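Structural description and commentary
Below, each chain spelled out in residue letters.
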There are 2 protein chains.
Amino acid sequence: MRIFLDAMGGDNAPQAPVEGAIEALRRFPNLEISLAGKLDAITPLLADAEDVRSRITLVDAPEVITNDESPVMGVRTKKQSATVIGMLQLRDQQVDGFVSAGSTGAVLAGGMFRLGRIPGVERPALAPLLPNGKGHFLLIDCGANVDCQSDWLVQFGIMGNAYMKGVMGMQEPRVGLINIGAESEKGNKLVKETYPKMENAPYHFIGNVEARDITGDAADVLVCDGFSGNLILKFMEGVAGTLMGMIKKEMMADTRGKVAGVIAKPAFRRVKKAMDYTEVGGAPLLGVNGAVTKAHGSSNGHAIACAIAQCMKMVDGHVVDIIRDGMEKLAAEEA
Amino acid sequence: MRIFLDAMGGDNAPQAPVEGAIEALRRFPNLEISLAGKLDAITPLLADAEDVRSRITLVDAPEVITNDESPVMGVRTKKQSATVIGMLQLRDQQVDGFVSAGSTGAVLAGGMFRLGRIPGVERPALAPLLPNGKGHFLLIDCGANVDCQSDWLVQFGIMGNAYMKGVMGMQEPRVGLINIGAESEKGNKLVKETYPKMENAPYHFIGNVEARDITGDAADVLVCDGFSGNLILKFMEGVAGTLMGMIKKEMMADTRGKVAGVIAKPAFRRVKKAMDYTEVGGAPLLGVNGAVTKAHGSSNGHAIACAIAQCMKMVDGHVVDIIRDGMEKLAAEEA
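The following refers to the structure shown. Given the structure is predicted, the values throughout are model-derived calculations rather than measurements.

Counting its secondary structure elements, chain A contains 12 helices and 12 strands. Dimensions along the principal axes, computed over C-alpha positions, put chain A at roughly 70 × 60 × 35 Å. Within chain A, buried positions represent 57% of all 335 residues. At a minimum sequence separation of 6, the contacts of chain A that also span at least 24 residues come to 71%. For chain A, the accessible area works out to roughly 13,300 Å², and carbon and sulfur atoms hold 50% of it. Once the 35 positive and 40 negative side-chain charges of chain A are each reduced to a mean point, those two points are 5 Å apart.

In total, this model carries 30 salt bridges over all chains according to the counting rule given. Here Arg91 of chain A ties to Asp92 of chain A by a salt bridge, and the two come within 3.0 Å at their closest N and O atoms. Classification of Arg91 of chain A by relative accessible area gives partly exposed; the value is 45%. Using a relative accessible area of 41% as the deciding quantity, one classes Asp92 of chain A as partly exposed. Its salt-bridge partner being Arg26 of chain B, residue Asp51 of chain B comes within 2.7 Å of it at the nearest N-O pair. Separated by 25 residues along the polypeptide, Asp51 of chain B in the loop between helix 2 (39-42) and strand 3 (56-60) and Arg26 of chain B in helix 1 (residues 15-27) bring together distant segments of the chain. When its relative accessible area of 46% is taken as the criterion, Arg26 of chain B is described as partly exposed. If you follow the salt bridges from partner to partner, you end up with Lys134, Arg174, Asp217 and Asp220 of chain A in one network.

A word on the sheet that holds strand 4 (residues 97-100) of chain B. All names here are of chain B. Spatially, 3-2-1-4-12-11-5 is the arrangement adopted by the 7 strands of the open sheet, whose pairing is mixed. Taken across any chain shown, the strands that pair with only one partner, and hence form the sheet edges, are strand 3 and strand 5 (125-126). Contacts between helix 6 (residues 150-166) and the sheet are confined to strand 5 and strand 11 (282-286), with strand 11 contributing the most and set at about 125° to the helix. In the packing of helix 11 (residues 301-316) onto the sheet, contacts are made with strand 1 (2-6), strand 2 (32-37), strand 4, strand 11 and strand 12 (291-295), and the angle to strand 12 comes to roughly 160°.

All right, on to the relation of the copies chain A and chain B then. After a rotation of 180° and a shift along the axis of 0.0 Å, chain A superposes on chain B with an RMSD of 0.0 Å. Such a turn and shift between the copies fits a two-fold axis. Considering only C-alpha atoms, the part of chain A nearest the rotation axis is Ala260 of chain A, at 2.1 Å. Most of the interface of chain A is mirrored in chain B, where 100% of its interface residues again form contacts.

Another aspect to go through is the environment of Gly111 of chain B. All names here are of chain B. On the secondary structure map, Gly111 appears in helix 5 (residues 104-115). Distance from Gly111 to Gly287, taken between C-alpha atoms, is 9.0 Å for residues 176 residues apart in sequence. When residues no more than four places from it in sequence are discounted, the contact partners of Gly111 are Met87, Gly116, Leu285 and Val288.

The next thing to look at is the interface of chain A and chain B. Counting residues at the interface gives 52 residues for chain A and 52 residues for chain B. Buried surface at the junction of chain A and chain B, summed over both partners, amounts to about 4,900 Å²; 72% is from carbon and sulfur atoms. It is Ile180, Phe227 and Phe235 of chain A in chain A that bury the most area against chain B; as a group they hold 15% of the surface buried on that side. The salt bridge partner of Lys234 of chain A is Glu210 of chain B, with a shortest N-O separation of 2.7 Å. At the junction of chain A and chain B, the tally comes to 12 residue pairs in polar contact (both at pLDDT 80 or more). Per-element accounting of the side of chain A that touches chain B gives the leading share, 20 residues, to helix 8 (residues 226-252) of chain A. Looking at the side of chain A that touches chain B residue by residue, the classes come out as 30 nonpolar, 11 polar and 11 charged.

Moving on, we come to the environment of Asp48 of chain B. Residue and element names in this part refer to chain B. Of note, Asp48 is situated in the loop between helix 2 and strand 3. The exposure class assigned to Asp48 is exposed, which follows from its relative accessible area of 69%. For Asp48 and Ile22, which are 26 residues apart along the polypeptide, the C-alpha to C-alpha distance reads 9.4 Å.

By volume, the second largest pocket amounts to about 1,600 Å³. Around the second largest pocket sit 50 residues that line it, and Asn67, Thr104, Gly105 and Gly143 of chain A together with Lys186 of chain B are the ones nearest its centre. Residue assignment for the lining of the second largest pocket shows that the elements contributing at least two residues are helix 3 (71-77), helix 5 (104-115), helix 8, strand 11 (282-286) and strand 12 (291-295) of chain A. Sort the elements by how many residues they give to the lining of the second largest pocket and helix 5 of chain A lands first, with 6 residues. Tallied by class, the residues present in the lining of the second largest pocket amount to 21 nonpolar, 17 polar and 12 charged.

Strand pairing in a sheet takes place through backbone hydrogen bonds and is either antiparallel or parallel in direction. Residue and element names in this part refer to chain A. Across the sheet, which stays open at both edges, the 7 strands sit in the order 3-2-1-4-12-11-5 with mixed pairing between neighbours. The sheet is open, and its two borders are formed by strand 3 (56-60) and strand 5 (125-126), each paired with just one other strand. Bridge analysis of strand 4 (residues 97-100) against strand 12 gives 4 bridges, and the strand direction is parallel. Bridging from a neighbouring strand, Ser100 pairs with Lys294 of strand 12.

Taken together, the side chains of Lys248, Lys265, Arg269 and Lys272 of chain A together with Arg256 of chain B present a region of like positive charge at the surface. With 3 residues, the top contributor of residues to the positive patch is helix 10 (residues 265-275) of chain A. Following the sequence through the fold, Lys248 of chain A ends up in helix 8. Its relative accessible area of 62% is what places Lys248 of chain A among the exposed residues.

Residues and elements named next belong to chain B. Tracing the backbone shows Val64 in the loop between strand 3 and helix 3 (71-77). You can call Val64 partly exposed: its relative accessible area is 25%. In sequence terms Val64 and Ala7 are 57 residues apart; their C-alpha atoms lie 10.0 Å from each other. Not counting the four nearest positions on each side in its chain, Val64 is found in contact with Met8, Lys38, Glu69 and Lys78.

Rules of the game
- For every chain, the first residue of the written sequence is number 1, and numbering continues from 1 along that sequence.
- The naming scheme follows written order: chains are lettered A onward, ligands numbered 1 onward.
- pLDDT decides what is reported in this predicted model: residues at 70 or higher carry local features, side-chain atom pairs at 80 or more are listed and counted, and totals for whole chains, interfaces and linings draw on all residues regardless.
- The side-chain values count all of the structure's non-hydrogen atoms but skip hydrogen atoms and water molecules.
- Helix numbering and strand numbering both begin at the N terminus, where a helix is a DSSP run of H or I of at least 4 residues and a strand a DSSP run of E of at least 2.
- Relative accessibility thresholds used throughout: buried, under 20% of the residue-type maximum; exposed, over 50%; partly exposed, between the two (1.4 Å probe, protein chains only).
- Throughout, a contact is declared for two residues whenever any of their heavy atoms are within 4.5 Å.
- Working definition of accessibility: Shrake-Rupley area with a 1.4 Å probe, residue cover restricted to the visible protein chains.
- All tallies of charge rest on Lys and Arg as positive and Asp and Glu as negative; His and the ends of each chain are not included.
- We put the charge of a Lys on NZ, of an Arg on CZ, of an Asp on CG and of a Glu on CD.
- What counts as a salt bridge is simple: a side-chain nitrogen of Lys or Arg found within 4 Å of a carboxyl oxygen of Asp or Glu.
- In this scheme, strands are said to pair when DSSP sees at least two bridges between them.
- Between N-to-C directions, angles span 0 to 180 degrees; the directions come from axes that are lines fitted to C-alpha atoms, helices contributing only their stretch in contact.
- Least squares is used to superpose the copies, and the fit set is the C-alpha atoms of residues whose pLDDT is at least 70 in both copies.
- Defined here as a combined quantity, buried area equals the accessible surface (1.4 Å probe) lost by two parts on assembly, summed across both.
- N or O atoms closer than or at 3.5 Å make up a polar contact, with two conditions inside protein: a donor-capable atom paired with an acceptor-capable one, and, for residues adjacent in sequence, both atoms drawn from side chains.
- Each residue is assigned to one class: nonpolar for Ala, Val, Leu, Ile, Met, Phe, Trp, Tyr, Cys and Pro, charged for Asp, Glu, Lys and Arg, and polar for all the others, Gly among them.
- Grid points spaced at 1 Å and placed over the protein atoms alone form the basis of the search, with a cavity being a set where a 1.4 Å probe fits but cannot get out and a pocket an open set showing protein on both sides within 12 Å along at least five of seven lines. Lining residues have an atom within 4 Å of a point.
- Grid points are joined across faces, edges and corners, and a volume is the space filled by probe spheres set on the points.
- What goes into a patch is any residue over 30% in relative accessible area without a salt bridge, connected to like charges within 9 Å or, for nonpolar side chains (Val, Leu, Ile, Met, Phe, Trp, Tyr), within 5 Å.

Put into structure tokens, the structure is as follows:
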């Protein structure tokens, strides 16, 4: 299995991607990595990686698409960027998967215009796995498509369903539609239009899921437009942080609490780890013709290694093929 | 000060509203209550309230608009319901404020069609005060308007600003627009259209607020469409519940944690109370011609008393007048 890794992407590049590559190679003996970026910046960082060096292929990619430029223009003009080179190598099956912690917009644009969409998919979507106390649920879309049409949401269901089948080994993932009420007639124009279409889609649609039940293991795949999804993703982070801060403050307010805080430290650490979605690795970009994982921009080496592992699971789980099958079934039902 | 209270509204009616009325009357010597509902159901519950009985005026309102019927039809046909009678009494200044834990739709429809809107306000909005660890912020709209236009959001800013000035005594509340990025060009079509209009609105607009900063005291008034607002409101409840559950579970997993849990109980109780938005009372309905407070459907007596107190603050703070002034300023700037 060969993964293409953008060594120049993310806040901590190239250190974090290179460290992540080395960690992943040491963990997975069957892994090979195409490491792309500015060679003079990458090469010195490989000094202590003699043990895995033979499984690293360096790819010269001197250009970088930054967060400050137009992603579409970047993908069009910067042909020597890791994003463009990697997407083309994935398209041509020179590699099995693609991982980047760089500009989300560039990964999206590269996926759309260089790698290409799975037939029938109108909009690829970003879909992080998020903790719900018991396990994980897939949130799709979390920000790639801020203004959505109902057909796209129906397709997000196909993609999310495929991911949970292929990567998580679920037989029949529960697909829910995020809404402000449980009844089918509730919601804004978009979700009201989406609901009846999802009832006829080739997956196990369980109906509307209210926001208060999202982290209550109500569904395995939660579908929404990218604006709502991004709100949910970021708000989860915010509320968890505020709540942990309040607990800390309240515990420090009296001696009893202080004592309890010291004793309970390991328990708190476990909760923090369970709620930390960067531990999962990154968000897959679903709907394109290949396994693409977008790692967090702030990823450290370990988070990059996790994203690589996640991308490998996507390859092993044949997620792209399952989505392709699902899209064919959807087209057949609509015909 | 006289508040009209719907004695038939909410899951625990008429007990909870009657208990809440009695609690509030005992707390506020200047308060009088018009208690409306089925008289034979209410009267027995007043047996132990001789001390405040003289400040209660019973209003015969035998009809109830339930959650299961169309609110607009309900308001149109059930003229003997507390909602309709109360809104008309508020319009005619027979009472100073209106409180109900009944059907949200009926309160909205009653406010729109019986009480009437403040000139210039296109859509009244529901705006709960929510905890942010430090104090509270006002979320507007939280579900009254699921599909919004940018002008409505601009007006929500006027209403939220007025509430924080009148009720919370703030000189210059910070009004933020909930968005998926901090930069002005970020967002979906609606917020992109709203941003420049808010820059010219007569309040202190501080720009976009990302969801991760909502509970981080980033703004005093947070404006969004009612679909997003409802997601945020309910998700806050859900995440807090999930997180507290996880902490409890992790603490029970070892002896250290169990000991800490017992010791830290008071601290946890304080956090739970601070995060409990029902403690605030209810959500004001802003933009109508009077002080209207919608209490939680699940309110107990104490929560109803809190909602009455909140409604009284709205009257004392002249919130309706401040909104009226704001709408005039907005119209002048747009002219």
